[in-house]
Amino acid sequence: MYGKRAAGRKLNILFSVAAVLVMWGVWLIAHAAVRNEYIIPSFADTMRSMGESLSDSYFWTSYGYTMLRAAEGWAIAFVCAVLFSALAAVSDACRRFFDPFVSVFRTVPTMAITLMLLVWTSPRTAPVIVTFLMLFPISYAQLTAAYRSVDPKLIEMAEVYRVPARERILRIYIPQMLPSLFSQAGPNLSLSVKVAVSAEVLAFTFQSVGGILQQASVYNDMPQLFAVTILMLITGGILEFALGNLTRITDRWTRGRQGKEARQ
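What counts and what doesn't
Residues numbered from 1 in each chain as written. Predicted model: local features only at pLDDT ≥ 70, side-chain atom pairs only at ≥ 80, totals over all residues. Heavy atoms only, no water. Phe/Tyr/Trp six-rings, centres within 6.5 Å; stacked < 30°, edge-to-face > 60°. Helix = DSSP H or I, 4+ residues; strand = E, 2+ residues; numbered from the N terminus. Buried < 20%, exposed > 50% of the residue type's maximum accessible area, 1.4 Å probe, protein only. Axes fitted to C-alpha atoms, helices over the stretch in contact; angles between N-to-C directions. Left-handed = near helix turned anticlockwise from the far one by under 90°. pLDDT = per-residue confidence, 0-100. Contact = heavy atoms within 4.5 Å.

A.B. asks: Even after reading the chapter, I still don't get the packing of aromatic side chains, so can you show me in this structure?
C.D. replies: Ring pairs (aromatic) are described by centroid distance and by the angle formed between their planes. This model, assessed by the stated rule, comprises 16 aromatic pairs. Where Trp-27 meets Phe-226, the ring centres are 5.5 Å apart and the plane angle is 40°; that geometry is what we call tilted. Taken together, the residues Trp-27 in helix α1 (residues 2–34) and Phe-226 in helix α11 (residues 222–243) connect sequence positions 199 residues apart. According to the relative accessible area criterion, Trp-27 is buried, its value standing at 13%. Residues Phe-136 and Tyr-140 carry aromatic rings whose centres are separated by 5.8 Å and whose planes lie at 40° to one another, so their mutual orientation is tilted. With a gap of 4 residues between them, Phe-136 and Tyr-140 both fall in helix α6 (residues 126–148), about one helical turn apart. By relative accessible area, Phe-136 is classed as buried at 5%.

A.B. asks: Where do I start with the packing of helix α3 (residues 57–90) against α6 in this structure?
C.D. replies: Describing two packed helices takes the angle between their axes plus the distance from one axis to the other. Running from N to C, α3 and α6 cross one another at 35°; their axes reach a closest spacing of 7 Å. Crossing geometry of α3 relative to α6 is assigned as right-handed.

A.B. asks: Explain the confidence of the model for the protein here, please?
C.D. replies: Detailed reading of the predicted coordinates is not advisable wherever pLDDT is low. In this model, the protein carries a mean pLDDT of 82, and residues with pLDDT of at least 70 account for 88%. Per-element confidence in the protein ranges from a low mean pLDDT of 53 for helix α12 (residues 246–263) to a high of 93 for helix α2 (residues 43–54).

A.B. asks: How do you make sense of the environment of Gly-210 when you look at a structure like this?
C.D. replies: By the secondary structure assignment, Gly-210 is in helix α10 (residues 209–218). Through-space distance from the C-alpha of Gly-210 to that of Ala-199 is 7.4 Å; in sequence the pair is 11 residues apart. Apart from the residues within four sequence positions on either side, Gly-210 is in contact with Thr-66, Val-197, Glu-200 and Val-201.

Okay, here's the thing in structure tokens:
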């Protein structure tokens, strides 16, 4: 089993490297075909601009604020999704009450809500709220799907023995839902970074990655646009890889509980 997993990981790494090389090749070919630095910058100029950004304290300050906003929106969405999906799991009335709100959050245009939030809040707060509004419906849907996969025998047993709703949430639903959500934690956090940066661009948030991109666009600084975009892509990849280990934690926790129950 371990050998198959190791082989699968090596294969995934191989395909990922191949995909990166293909995209790099397309970039080089496109630059050679266009021959216009204001449309597609060269790889060398982009790397030079990336080095300048990495050595600039303003970039790191902006990067830190952007990551903080993305993390705030993601964390709030995560907690709310866990709570509301658990309530919807034990109460059909709660589920019917929450569904319209989730549908509104899912369909509301990002640009429209960002513009409205700029009137109601500030350029620094708007990206956090936009990130929450984008991530909450996704996390809620993932947890709701996880609820449907809960063993019906456990639910039936809880109803027969009249287990309180609080105990059902803490001991049955949340433990069953968290592994599914943790498996999506990396992609969701990576998406939150993307949404936060997009909202910052639209809001022209001061000291943010989105603000840097907006300024580079105004001055038509394509090497910096490409450089900062690549840095955020690398950030998203690192987040997905790092948070991918959360599923291992839940698997160990589940096996530990099962072992403890078997000994009892």
